[in-house]
Amino acid sequence: MRDLLARVAGSGPKPAQGNVRRDLGGAALAFAAAAVLGNWVEEFTAFEWSLWAVQAILALSLTLVWGYGGIFSLGQAAIYGVGGYTYGFWAINLTDNTGESLTAVLVAVLVGAVFAALLGYFMFYGNVTDVYVAIITLATSLVLFAFVNSTSGRAYRIGDAPFGGYNGMPRIPRITWRLPGGESHELTRTQFFLFCVAAGLLIAVAIRVLSRRPFGRIAVALQHNELRTGLLGYDVRWHKLAVFTIGGAIAAFAGALFAAWGRFMSPPVFSLTPAALVVIWVLVGGRSSVSGAFVGVLVVKGFSSWLGGASGDNEPIVLGVILVLIVLLLPGGIVANLSRLRTWTQSRISLSATRLGTDAEAVDYQLEPSLASPTPEVAQQRARLIATAAVTKRFGGLAAVDAVTLEFPRGVSCLIGPNGAGKSTLLDLLSGRQRPTAGAVMLDGQDLTKREPFLRARGGVGTKLQVASVYESLTVRENLWLACYAMPRDIEEADRRAAGLLEWLDLRDEAEQAAGTLSHGKKQWLEIGMVVSTDPSVVLLDEPTAGMTREETERTANLVRELGEKASVIVVEHDMDFVRQLDAPITVLHMGSMFSQGTFEELSGDDRVIDIYLGAHHSNGSPSDSRGPAPGRPPNAGSAEADGAITAGGSADADA
Ligand code: ADP
Ligand code: MG
């Protein structure tokens, strides 16, 4: 499903470029055009167009939530409905007395935001993700639909405003305003149109500005790789909740305008059709830019009113066909493809000129200032002691980690063991990616067991996963920027440090390249760089050298040794040459338990250790073909790992 969503919506947005003044300029131009047109056409036509502007605002709410935040919500139309009804209740009851209904708009926005915040809280803090978010938001809409439909009785009213059930809520006041002590004015139809257009354009500019702020960059980042974002120390759930709440406020605002436009609200606004229609607008226009919302509404609505004139019956079919064509032929939506055409025809230089932090002056990068402590004593104090107490993790009947009690000394330690020994799971328990079934994890004597991964990251635990986890579709520079911003939370500082890191990691030439296009080894190296740049005092590295060339491996060994002088570094490795180079104390895991501990020399002479490696091969059923991936290997074993185990067995064997 996630693949499908990714396909229909392209790879999602990159952090937006440009500046506020240019955005405002563009919006002013669009508004001027709307003003000329709106005053030129019949008042009635302008009023018709207002609805398009209102729906573009609704579409913008999804652009923010889905396009930027990666939350696939089918509930935007429902929040729009909540906003519309709220406006109705408030305006019907109070406008006669106050002579204005702008307060009602404000209340509708607040109620929409609170509604979205509550719904979002249950979803995101309940760890609901992906397609389940779509299901829950849709289910919420349908519950509202059923509820409002059943409120036709006289008892269902707030003050003078009836719910009205399936008959709907009539006589909702239009937008009126009044200065204190002055007279009450109702917006004319043309004024209402221009009000909606101005509001839509301002919201679009605001979303663009927001997307360039760290808040927006983090929202884009978490959509690309939630796991990595958490491991860098960002509070993913809070970010999602914030995005969803702002989106809710925008949708409710559109709903209030809709109620004032039609002077009527009825339950079908909570039904399946509007829920899906919002997605279609955004899909057709393209979710990766705010203009997609306007284009999507214009194209889809234009098409359906054109069709509605001829034969309204065929409309759903034709719309369906357009949707399928768009998904198949223009997967990023119309706007993304138009801009692709434009960049293709223009020179490509301007493209990268405004990218994240490119203009920052690179500072000479060394290990973090705080990591590069002046004296060994200070360094020793900084390095922190991570330990486990009888920690156990069961997956069903299998104990992947079985009552392991370990204290990792300061400096570098290695963790080895055959495939499926539980090494990655143990690191997951330390980083917080997995919660133990029993036992505890401690950092400097403090119990970490229940702490969220992002809080552990903020507490100084940096994690490099077995399968390199970077932001594949963001550039190398953007990847580093996100890592550098995580702790100091300072934009300029992050720009400079990211530029410095690029030099230091020797990834300058690849800076503006998507991280997904890097070679396997370079990707690992980038991820290590990201982890190091968060200034960790405990570093967890799961198979850092998999896929690296000999030279890259050597460079990594140097880095790990250097890190070990300032932090506690735990390295899981299969490459025995690498482990030998590190010259660090080694713990051997086997079948989830601690098997043995010692130095490289001690362990490579230990027959029992060699046996478990060889035993792993024999039990895999391919003693003769030692390089082929074995049929019986554990399901999670990647091919790099399978090869690694053999290297390990081989090296240990050779040493014996
Ligand atoms: P290693 O990294 O030492 O190769 P792992 O920690 O990845 O080993 O896996 C240890 C055991 O736990 C394996 O048998 C593996 O199949 C199992 N395992 C790991 N993760 C999961 C999971 N998420 N669900 C079920 N079983 C798992
Ligand atoms: Mg592993």
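Here, every reference points to the structure presented above.
A short tour of the structure in this document, coming up. As the structure is a prediction and not an experimental result, all values here were calculated from the model.

### Points about the coordination of the magnesium ion (ligand 2)
Part 1 of the argument: Protein ligation of the magnesium ion (ligand 2) involves Ser424 (OG) and Gln466 (OE1), the donor distances falling in the range 2.0 to 2.2 Å. Here glutamine 466 lies in the loop between strand E10 (461-464) and helix H19 (476-486) and serine 424 lies in helix H17 (residues 423-431), a separation of 42 residues in the sequence.

### A short note on the pattern of salt bridges
Part 1 of the argument: Under the criterion given, the structure shown has 18 salt bridges.
Part 2 of the argument: Glutamate 503 is the salt-bridge partner of arginine 508, the closest N and O atoms lying 2.7 Å from each other.
Part 3 of the argument: Residue class for arginine 508 comes out partly exposed when judged on its relative accessible area of 40%.
Part 4 of the argument: For the salt bridge of arginine 580 with aspartate 577, the shortest nitrogen-to-oxygen distance reads 3.2 Å. Of the two residues, arginine 580 and aspartate 577 are both situated in helix H23 (residues 576-582); the distance of 3 residues between them amounts to about one turn of the helix.
Part 5 of the argument: On the accessibility criterion, arginine 580 (36% relative accessible area) is partly exposed.
Part 6 of the argument: Three or more residues are tied together by salt bridges with common partners; here these are Asp23, Arg208 and Arg212.

### Observations regarding the side chain of serine 431
Part 1 of the argument: Looking at the secondary structure, you find serine 431 in helix H17.
Part 2 of the argument: Under the relative-accessibility criterion, serine 431 is labelled buried at 2%.
Part 3 of the argument: One polar contact links the side chain of serine 431 to the main-chain carbonyl oxygen of aspartate 428, over a distance of 3.3 Å.
Part 4 of the argument: Every residue in contact with serine 431, bar those within four places of it in the chain, is listed here: Leu231, Pro453, Arg456, Val461, Thr463 and Leu540.

### Considerations on the pairing of strand E13 (residues 586-590)
Part 1 of the argument: Extensive coverage of E13 is indicated by the burial of 4 of its 5 residues.
Part 2 of the argument: Where strand E7 (residues 412-416) lies against E13, 3 bridges are found, and the strand directions are parallel. If you follow isoleucine 416 over to E13, its bridge partner there is valine 588.
Part 3 of the argument: As paired elements, E13 and strand E14 (residues 593-598) share 5 bridges and run antiparallel to each other. Within the sheet, the bridge partner assigned to leucine 589 lies in E14 and is methionine 594.
Part 4 of the argument: Linking two consecutive strands that pair antiparallel, namely E13 and E14, is a turn of 2 residues; a positive phi of about 50° is found at methionine 591 within it.

What counts, and at which threshold
- Residues numbered from 1 in each chain as written.
- Chains lettered and ligands numbered in written order.
- Predicted model: local features only at pLDDT ≥ 70, side-chain atom pairs only at ≥ 80, totals over all residues.
- Heavy atoms only, no water.
- Donors = N, O, S within 2.8 Å, 3.2 Å for Na, K, Ca; no water.
- Helix = DSSP H or I, 4+ residues; strand = E, 2+ residues; numbered from the N terminus.
- Salt bridge = Lys/Arg side-chain N within 4 Å of Asp/Glu carboxyl O.
- Buried < 20%, exposed > 50% of the residue type's maximum accessible area, 1.4 Å probe, protein only.
- Polar contact = N/O pair within 3.5 Å; in protein donor to acceptor, adjacent residues only side chain to side chain.
- Contact = heavy atoms within 4.5 Å.
- Pairing = 2+ DSSP bridges.

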